[in-house]
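Structure assessment
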Amino acid sequence: MSTAERSILARGADTVLDGGDIDRLDTRLSQALTGAAHPVAVGVLPFSTDPAGGEQGTDRAGARFVLPRELWSAAPAHGAAAQRATRGVPVPAEVTPIPEPEGHRAAVQRALTALGEGDLRKVVLARALDISFTADVDPACLLHNLVRDNTGGYTYAVELPRPADGSPGPRSLVGASPELLVRRSGTRVSAHPHAGSAPRSADADIDRRNAEALLGSAKDHAEHAMVTEAVVAALRPLCRRIDVPPAPSLMSTSTMWHLGTAITGELRDEGISALRLAAALHPTPAVCGTPTPAARSLVGELEPFERDYYAGAVGWVDTAGDGEWAVAIRCAQVAERSLRLYSGGGIVAGSDPDAELAETSAKFQTLLRAMGLDLRL
Ligand SMILES: C=C(O[C@H]1C=CC=C(C(=O)O)[C@@H]1O)C(=O)O
């Protein structure tokens, strides 16, 4: 994982811990970290934290932690990735959107109808893009280009567990997320939810106008406020002090503008690890919706694919319980010759199906650019 502050590189596995139950994993992790070669475990959480996920014999994506054989913590990696890597990302043979653009518009329309009927106030709907290649994709090459293009945020690559269906070959999740789920350093806790989006433009005037329109959009502020409220509600009982800016700020990546709120607090109890904090917050309405159960079930009904690790979290935790977790968005699952890209957006009252489709297309560009692909979707 590479951030604006540092990069962490973990290689090889001394111990691997799999499973769905985060509380049990947290306990097993602190035991395993005692006396480990390195004081850090790196890991990935799926979108669905169903306790059966990752258990033997089930095909649900589960949490996974690795106590690495080798570990380096270094300065940000962006300087070292100045040159674009071209080998390792072959020419695509076939591109399949799931669903087709019309299907995503229809799903947004159905979500808008659902918003008008019950207590649902927001749901995040995603679509996927399957790309097959004639040769293997090198995740390291993709990671290199993502690091090069994204000097802020959290750029990551993590190996995933083998699926229970017996598919061969390694799989990994590679992405560049702007969003901090949670960071813990001693008693200090931070979260930086992002929600509300507009595309960047190469034309400086259009780019500025897009940013201004986002800052002035009541719909985007409402969409954002639901995330901030949920994050504050989850952290407040755990904190003796919590600081929340009165309004979101304009954030940017190389492809998107967002509204973001930097929340900080002071934990009451240093006994709660960064992993337990991540589990207390996940899934926020930035990736699921409000209220969570109704949104989660609508996601399951309307999205024609499993999210697996998309919209989960990627991060690390150390012996002291400190750690940093990014929301696993702007990512692709890489499996030898195939890639699945994911992109989602929040639907609230006032959302427009065409604009939502365009927003997911713009968010795909983070990965497509790193692959050197100029695909208009
Ligand atoms: C769910 C995604 O983005 C989230 C983060 C920032 C802005 C978002 C939005 O405006 O909808 C999403 O909540 C994604 O990129 O797949």
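Quantities reported herein were computed from a predicted structural model and do not represent experimental measurements. (Residues numbered from 1 in each chain as written. Predicted model: local features only at pLDDT ≥ 70, side-chain atom pairs only at ≥ 80, totals over all residues. Heavy atoms only, no water.)

Below, the discussion takes up the packing of aromatic side chains. By the definition in use, this model includes three aromatic pairs. Relative to Tyr342, the ring of Phe305 lies with its centre 6.1 Å away and its plane at 45 degrees, an arrangement referred to as tilted. Of the two residues, Phe305 is situated in the loop between helix 7 (292-302) and strand 18 (313-318) and Tyr342 in strand 21 (residues 338-347); the sequence distance between them amounts to 37 residues. Both rings, one in Tyr310 and one in Tyr342, keep their centres 5.0 Å apart while their planes meet at 5 degrees; by these two values the pair is stacked. One end of the pair, Tyr310, is in the loop between helix 7 and strand 18; the other, Tyr342, is in strand 21, and 32 residues separate them in sequence. The class for Tyr310 is buried, based on a relative accessible area of 3%. Judged by relative accessible area, which is 2%, Tyr342 ranks as buried. (Phe/Tyr/Trp six-rings, centres within 6.5 Å; stacked < 30°, edge-to-face > 60°. Helix = DSSP H or I, 4+ residues; strand = E, 2+ residues; numbered from the N terminus. Buried < 20%, exposed > 50% of the residue type's maximum accessible area, 1.4 Å probe, protein only.)

As a matter of local geometry, the ligand sits amid 18 residues, with Ser197, Ala286, Tyr310, Arg330 and Gly346 nearest to it. Tyr310 places a polar side-chain atom, nitrogen or oxygen, 2.6 Å from an oxygen atom of the ligand. The protein chains hide 100% of the 390 Å² of surface that the ligand would expose on its own. Here the shell around the ligand is composed, by residue class, of five nonpolar, eight polar and five charged. (Near = heavy atom within 4 Å. Polar contact = N/O pair within 3.5 Å; in protein donor to acceptor, adjacent residues only side chain to side chain. Areas by Shrake-Rupley, 256 points an atom, 1.4 Å probe, with all protein chains shown as cover. Nonpolar A, V, L, I, M, F, W, Y, C, P; charged D, E, K, R; others polar.)

All right, on to the environment of Gln333 then. Position of Gln333 among the secondary structure elements: in strand 20 (residues 331-335). Residue Gln333 is classed as buried on the basis of its relative accessible area, which comes to 13%.

For helix 8 (residues 353-370), which comprises 18 residues, the first-to-last C-alpha distance of 27 Å matches the rise-based estimate of 26 Å (1.5 Å per residue) to within 8%. For helix 8, the tally of buried residues reaches 14 of 18 residues, placing the bulk of the element in the interior. (Expected span 1.5 Å × (residues − 1).)

Attention now moves to the sheet that holds strand 14 (residues 249-252). By way of backbone hydrogen bonds, the strands of a sheet pair with one another, either parallel or antiparallel. Reading across the sheet, the three strands line up as 12-15-14 and stay open at both edges, with antiparallel pairing between neighbours. The open sheet has two free edges, formed respectively by strand 12 (194-199) and strand 14, since each of these has just one partner strand. In this sheet, neighbouring strand axes are inclined to one another by 30 degrees on average, regardless of whether the strands run parallel or antiparallel. Where strand 14 meets strand 15 (residues 256-260), four bridges bridge the pair, whose relative direction is antiparallel. (Pairing = 2+ DSSP bridges. Axes fitted to C-alpha atoms, helices over the stretch in contact; angles between N-to-C directions.)

The next point concerns the pairing of strand 9 (residues 171-177). Side-chain direction in a regular strand flips from residue to residue, so the side chains alternate between the two faces of the sheet. Of all seven residues making up strand 9, seven are buried, and the element is well covered by its neighbours. Across the two faces of strand 9 the burial is the same, with Arg171, Leu173, Gly175 and Ser177 and Ser172, Val174 and Ala176 all buried. Bridge count for strand 8 (residues 154-160) against strand 9 is seven bridges, and the pairing is antiparallel. If you follow Leu160 over to strand 9, its bridge partner there is Arg171.

Read from one edge to the other, the open sheet built from nine strands follows the order 2-4-3-18-19-10-11-16-13, with strand pairing classed as antiparallel. Both edges of this open sheet fall to strand 2 (15-19) and strand 13 (239-243), since each of them pairs with a single strand only. In this sheet, adjacent strand axes meet at a mean angle of 15 degrees when their direction is disregarded. Pairing of strand 10 (residues 180-185) with strand 11 (residues 188-192) involves four bridges; the strand directions are antiparallel. Bridge pairing in strand 11 links Leu180 to His192. Here helix 5 (residues 218-235) sits on the sheet and contacts strand 11, strand 13 and strand 16 (263-267); the angle it forms with strand 16, its principal contact strand, is near 5 degrees. Together, strand 3 (40-45), strand 4 (63-67), strand 10, strand 11, strand 16, strand 18 and strand 19 (323-327) form the strand contacts of helix 6 (residues 274-281), whose direction differs from that of strand 10 by roughly 150 degrees. (Contact = heavy atoms within 4.5 Å.)

Turning next to the packing of helix 2 (residues 101-117) against helix 7. Helix 7 packs onto helix 2 with a crossing angle of 150 degrees between their chain directions and a minimal axis gap of 11 Å. Here helix 2 lies roughly antiparallel to helix 7, going by the angle between them. When you trace helix 2 past helix 7, the crossing you get is right-handed. On helix 7, the residues touching Ala107, Arg110, Ala111 and Ala114 of helix 2 are Leu298, Glu301 and Leu302. (Parallel < 35°, antiparallel > 145°, perpendicular 65-115°, else oblique. Left-handed = near helix turned anticlockwise from the far one by under 90°.)

Right, let's talk about helix 4 (residues 204-215) for a bit. Taking 1.5 Å as the rise per residue, helix 4 with twelve residues should run 16 Å; its terminal C-alpha atoms sit 17 Å apart, in good agreement. Three or more residues of helix 4 are buried, namely Asp207, Asn210, Ala211 and Leu214. The buried residues of helix 4 occupy an angular sector of 95 degrees when the element is viewed end-on, so they sit on one face. Contacts from the buried residues of helix 4 go to strand 12, helix 5, strand 14 and strand 15. Capping the start of helix 4 is the job of one residue whose side-chain oxygen sits 2.9 Å from the backbone nitrogen of Asp205: Asp203. (Arc of directions from axis to C-beta.)

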